[in-house]
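# A structural walkthrough
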Amino acid sequence: MLLDIRKRLILAWIGVLPFVQSITLDPPQNSQDGTVLALDGLNGDPEALSRAKRGWVWNQMFVLEEFSGPEPILVGRLHTDLDLANRNVKYILSGEGAGTIFMINDKTGDIHAMKRLDREEKAEYTLTAQAIDRETDKPLEPPSEFIIKVQDINDNAPEFPDEPYHATVPEMSSVGTSVMGVTATDADDPVYGNSAKLVYSILEGQPYFSIEAHTGIIRTALPNMDREAREEYLVVIQAKDMGGHMGGLSGTTTVTVTLTDVNDNPPKFTQSLYHLSVLEDMTVGDVAGRVKANDRDVGQNARSLYEIIDGDGMGMFEITTDSQTQEGVVTLKKPLDFETKRSYTLKVEAGNAHIDPRYISKGPFKDTAAVKITVEDADEPPVFSSPVYFLEVRESVVVGSVIGQIMARDPDIVVSPVRYSIDRHTDLERLFNVNADDGKITLAKPLDRETDVWHNITVIATETRNHSQVSRVLVAIMVLDVNDNAPELASQPEAYLCENGKSGQVIQTVSATDKDDPKAGQYFFYSLAPEISRNPNFTIKNNPASLWESQSAEKKNTCLSEFKSGRKSQVNSRLRYKSCIRGGSTSLQVSAKGTSVAESQVYNSVSILARHSGFSRQKQDVYLLPIIISDSGNPPMSSTNTLTIRVCGCSTDGSVQSCNVEAFVLPIGLSMGALIAILACIILLLVIVVLFVTLRRHKNEPLIIKDDEDVRENIIRYDDEGGGEEDTEAFDIATLQNPDGFNGFLPRKDIKPDLQYVPRQGLPPVPNGVDVDEFINVRLHDADIDPTAPPYDSIQIYGYEGRGSIAGSLSSLETTSTDSEQNFDYLKEWGPRFKKLGDMYAVGESDRET
């Protein structure tokens, strides 16, 4: 250490020699004396020099970390040549830690460390020193930086930052196989001394593993370590500094080493013979049992594949591997029969699915075992003699006839009788019955092939001793055709004949259809009815016969064979047959009922021809032509179909324009649309005339109906529009007729008052002889104080003549008699003036009687 510092100071001395007059260098003797940094100052007059000359030399100071003592440690000393005996120089220290960690004596320049230093926290401090005049505080030298380095001591033990460690290595690895590498760190200075020089060693884990001292790589130390014997190892690793020498610090860590599996063990059955038992009614695919070959390996290395390599049950059973449990699962491949065979033997082999070629010498990696399977008797359901039954029956068969028979038996050793029944869900119309004892199927209702060709029913066989043992079988019944339907016209029985048609012209070609479907196909015969065989207007012409008539006997037999095979396979046998007849053509059309429409129209049709020309709609617009159609069945069926032929007007190209007779009565050049327009106009004019006459008649009637018998001596006037004279809702007619009879309050009838008032007391009767003026004043006063009076002015004129007149009142308001009961002859006795009045009433009475 001391030699290194001397070398550095000598190099610094050589570098600044031309500028320095004198230097005194005292290297640090020990940690107490420190280091002296000195520089000669300026001699003589400063102005004699052209530039200032630095008196500082840069250097490093050192201090030991973790040093502790009773007094602060001396780090070093600053000195300048300008520092004379009078001690007029003041030293100043600044920078990192100045004043806290490092203190300087401003007179002597001694620097002391005031605290314990830790190099791992901070390795060096940069400070700045300056000499100033103590009195003037003027700098004597420019400031200069220097470094104080903290010298390292071995005070930190090695550490493993990545612990805990886990490593794996394959079992059976060779010696020296690398397991993993570990690395420790030391916080001490790796450059200075051996404080950070580490050496690794194993404290625990030998003799299985070893470690390289300088790299920390762990390797296997023993060969053929077996995972099945021991799977996990704990290895303790030590790292020691100072190169492993005595006095060094150390740290330890634990490494968990796990041996990984390799396929070095074959599968082994725990038994050489396995016994299994199953019931004979086991369903195909069910599990008969399980076998297990153990493998000491794990994972993919322990996966085994099972196979049946020998035995009399190879065709009855199969074995698969359960991927979860690695067991061999034996399942049933075919149905069992206790009565036929009661036991089976299998030879099962288990082998590894993945074999490591490095360990093939440890093989073979497979094992075998025997499996004996015993079949036990079980109560089985009845077994039918056929899985499906096909029956054929003619549609004309008599109800109650036997159409077929099914048979089932009990396969058990102890045979139980079997009873038969029909599942009515498959025979909703109850067309068939089955004998419960012998299985004969009989017809319960008549059949119609044209409605349903196939009937699929299900027959149930049940053991009489155990009703839970039930079997079902499908019975397909095909209804064979019988010629029981007469042919009829295929299209709408209506044709159109042009007036300008020529003699011998084909009016229309018609064909026939038949609901029946004989094996040899349909062929129809057409003829006119005997009564019109000499029809003067129309005749018929049969078109060429069907292809069936032109085929050879060999061709017919071939097509019939295909027809029968089509029935058994439940395909459209009719289409196969007719396609065969036509030479394999696919242009044949088949209707929903199975009748070949296309074949009939093309190869078995009749044309309607006109015997003459000059047909006229005015003479006859419709002709009815009865045609007799017979089929080729046995027995043959025939029907008479009437063809309606309408005479129509056609264009020059033969297109039908109109078939109505009314078209000939129209004016020339007037179409049906024009006729309808004219008729609509006439109806509209008639409606207008009727409305006009009705309005005129209503206008001539008087607005007020005058009735000679309705005579009233009052005039009612309204300020608003009312109903006229006959509107009596605004007053009480009884008051006008008899003013003496008003004895109470009469509410208004035309309005409803908002407030209800107590009816006022009736006025006493007006005495005889009262003046009319007084009567009116009384009535006016009553109207003014009446709260129910209308809110508008009104004038009421009363037919009151006063009292005391010998003639009495002339008003008809007071009378209670009807007009028919009045006699006005007494007026003639009152004088000539009243006589005239009596004559007027008499005239009105006579007019009424008239």
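Residues numbered from 1 in each chain as written. Predicted model: local features only at pLDDT ≥ 70, side-chain atom pairs only at ≥ 80, totals over all residues. Heavy atoms only, no water.

This next bit is on the overall build of the protein. A count of helical and extended segments in the protein gives nine helices and 43 strands. Scored against the burial criterion, the 850 residues of the protein give a buried share of 36%. Working note: accessible area of the protein is about 50500 Å², and carbon and sulfur atoms make up 53% of it. (Helix = DSSP H or I, 4+ residues; strand = E, 2+ residues; numbered from the N terminus. Buried < 20%, exposed > 50% of the residue type's maximum accessible area, 1.4 Å probe, protein only. Areas by Shrake-Rupley, 256 points an atom, 1.4 Å probe, with all protein chains shown as cover.)

Note on placement: glutamate 120 falls in the loop between strand S6 (110-113) and strand S7 (124-133). Given a relative accessible area of 26%, glutamate 120 falls into the partly exposed group. For the pair glutamate 120 and asparagine 156, spaced 36 residues apart in sequence, the C-alpha to C-alpha distance is 9.0 Å. For glutamate 120, the contacting residues outside a window of four places in its chain are Glu65, Asp152, Asp155, Asn156, Ala187 and Asp188. (Contact = heavy atoms within 4.5 Å.)

Moving on: the sheet that holds strand S17 (residues 273-279). Sheet architecture is open: four strands sit in the order S17-S23-S22-S19, paired in mixed fashion. Every interior strand has two partners, whereas the edge strands, S17 and strand S19 (304-311), have only one. Averaged over neighbouring strand pairs, the angle between their axes works out to 30 degrees when direction is ignored. Note that strand S22 (residues 343-352) and strand S23 (residues 366-376) share nine bridges and pair antiparallel. Looking at S23, one finds that threonine 345 is bridged to lysine 372. (Pairing = 2+ DSSP bridges. Axes fitted to C-alpha atoms, helices over the stretch in contact; angles between N-to-C directions.)

Attention now goes to the environment of leucine 74. Secondary-structure assignment places leucine 74 in strand S3 (residues 73-78). Between the C-alpha atoms of leucine 74 and alanine 113, which are 39 residues apart in sequence, the distance is 6.5 Å.

Next up on the list: the sheet that holds strand S20 (residues 317-321). On the basis of which strands lie adjacent, the open sheet formed by four strands has the order S16-S18-S21-S20 and antiparallel pairing. Lying at the two open borders of the sheet, with one neighbouring strand each, are strand S16 (268-269) and S20. Judged from the two bridges that link them, S16 and strand S18 (residues 287-294) form a sheet pairing that is antiparallel. Note on S18: the bridge partner recorded for phenylalanine 269 is alanine 293.

A cluster of acidic side chains, namely Glu429, Asp448, Asp452 and Asp484, defines a negative patch on the protein surface. Looking at the element boundaries, aspartate 452 is found in the loop between strand S30 (440-443) and strand S31 (454-463). Note on aspartate 452: relative accessible area 32%, which makes it partly exposed. (Patch = residues over 30% accessible without salt bridge, like charges linked within 9 Å, V, L, I, M, F, W, Y side chains within 5 Å. Salt bridge = Lys/Arg side-chain N within 4 Å of Asp/Glu carboxyl O. Lys, Arg positive; Asp, Glu negative; His and termini not counted. Charge placed at Lys NZ, Arg CZ, Asp CG, Glu CD.)

What the rule picks out here adds up to 18 salt bridges. When the shortest N-O distance is used, the salt bridge between lysine 341 and aspartate 312 registers 3.4 Å. Of this pair, lysine 341 sits in the loop between strand S21 (327-332) and S22 while aspartate 312 sits in the loop between S19 and S20, and the two are 29 residues apart along the sequence. Of the residues examined, lysine 341 reaches a relative accessible area of 31% and is grouped as partly exposed. Each member of the salt-bridge network shares a partner with another, and the members are Arg227, Glu228 and Asp261.

A few words on the packing of aromatic side chains. For the structure on display, the rule yields 11 aromatic pairs. Taking the centre distance of 6.4 Å and the plane angle of 55 degrees together, the rings of phenylalanine 160 and tyrosine 200 count as tilted. Highlighted residues: phenylalanine 160 in the loop between strand S8 (144-151) and strand S9 (165-170) and tyrosine 200 in strand S11 (residues 199-204), separated in sequence by 40 residues. Since its relative accessible area comes to 6%, phenylalanine 160 is described here as buried. (Phe/Tyr/Trp six-rings, centres within 6.5 Å; stacked < 30°, edge-to-face > 60°.)

So, on to the state of the cysteines. The tally for this structure, following the rule as stated, stands at two disulfides. Note that cysteine 498 is cross-linked by a disulfide to cysteine 650, the S-S spacing being 2.0 Å. Between cysteine 498 and cysteine 650, the disulfide has an S-S torsion of -85 degrees and is therefore left-handed. Pair noted here: cysteine 498 is in strand S34 (residues 494-498) and cysteine 650 is in strand S40 (residues 638-650), with a separation of 152 residues, a long-range link. Taken individually, cysteine 498 and cysteine 650 each receive the classification buried, so the pair is uniform in this respect. The disulfide bridge from cysteine 648 ends at cysteine 659, spanning 1.8 Å between sulfur atoms. Looking along the S-S bond of the cysteine 648-cysteine 659 disulfide, the torsion reads about 100 degrees, which is the right-handed sense. A residue pair is termed long-range when its members are at least 10 positions apart, and cysteine 648 in strand S40 and cysteine 659 in the loop between strand S41 (656-658) and helix H6 (672-700) qualify at 11 residues. (Disulfide = S-S within 2.5 Å.)

This paragraph deals with the side chain of threonine 331. When you line up the elements, threonine 331 lands in strand S21. Looking at threonine 331, the relative accessible area reads 10%, which means it is buried. Aside from chain neighbours lying at most four places away, what touches threonine 331 is Gly285, Asp286, Val287, Ala288, Met316, Phe317 and Glu318.

Turning our eyes to something else, we now look at the pairing of strand S25 (residues 388-394). By the alternation rule, side chains of S25 split into Tyr389, Leu391 and Val393, which are all buried, and Val388, Phe390, Glu392 and Arg394, of which none is buried. Bridging between S25 and strand S32 (residues 470-480) involves seven bridges; their strand directions are parallel. Paired with valine 393 across the strands is valine 479, a residue of S32.

Let us now look at the pairing of S30. By the bridge criterion, three bridges tie strand S26 (residues 402-405) to S30 in an arrangement that is antiparallel. In the sheet register, glutamine 405 faces S30, and the bridge partner there is lysine 440. Across three bridges, the pairing between strand S29 (residues 432-434) and S30 is antiparallel. Note on S30: the bridge partner recorded for asparagine 433 is threonine 442. The hairpin formed by S29 and S30 contains five residues between the paired strands, and glycine 439 there has a positive phi angle of roughly 80 degrees.

Let us now look at the confidence of the model for the protein. In the predicted model, the protein carries a mean pLDDT of 76, and 70% of its residues have values of at least 70. Mean pLDDT per element in the protein: helix H5 (residues 597-603) is the minimum at 37, and S29 is the maximum at 95. Counting contacts from residues 816-820, a segment whose pLDDT is below 50, to residues more than four positions away or on other chains yields five contacts. (pLDDT = per-residue confidence, 0-100.)

Our focus in this paragraph is a nonpolar patch on the surface. A contiguous nonpolar patch, built from Leu679, Ile683, Val687 and Leu691 and spanning about 380 Å² of accessible area, is present on the exposed surface. Since its relative accessible area comes to 52%, leucine 691 is described here as exposed.

The next point concerns the environment of phenylalanine 538. Mapped onto the elements, phenylalanine 538 comes out in strand S37 (residues 538-542). If we skip the residues at most four places from it in the chain, phenylalanine 538 touches Leu497, Ile507, Leu528, Leu609, Ala610, Arg611, Phe615, Tyr623, Leu625 and Ile645.

All right, on to unusual backbone geometry then. At the junction of glutamate 163 and proline 164, the peptide bond is cis and its omega measures out at 5 degrees in the coordinates. Structurally, the position occupied by proline 164 is in the loop between S8 and S9. Following glutamine 206, the chain continues into proline 207 via a peptide bond in cis, with omega recorded as 10 degrees. Inspection of the secondary structure puts proline 207 in the loop between S11 and strand S12 (209-211). Of note in the backbone geometry, methionine 172 takes a positive phi value of approximately 65 degrees without being a glycine. Examined against the element boundaries, methionine 172 turns out to sit in the loop between S9 and strand S10 (178-181). Look at methionine 172 and you get buried, because its relative accessible area is 17%.

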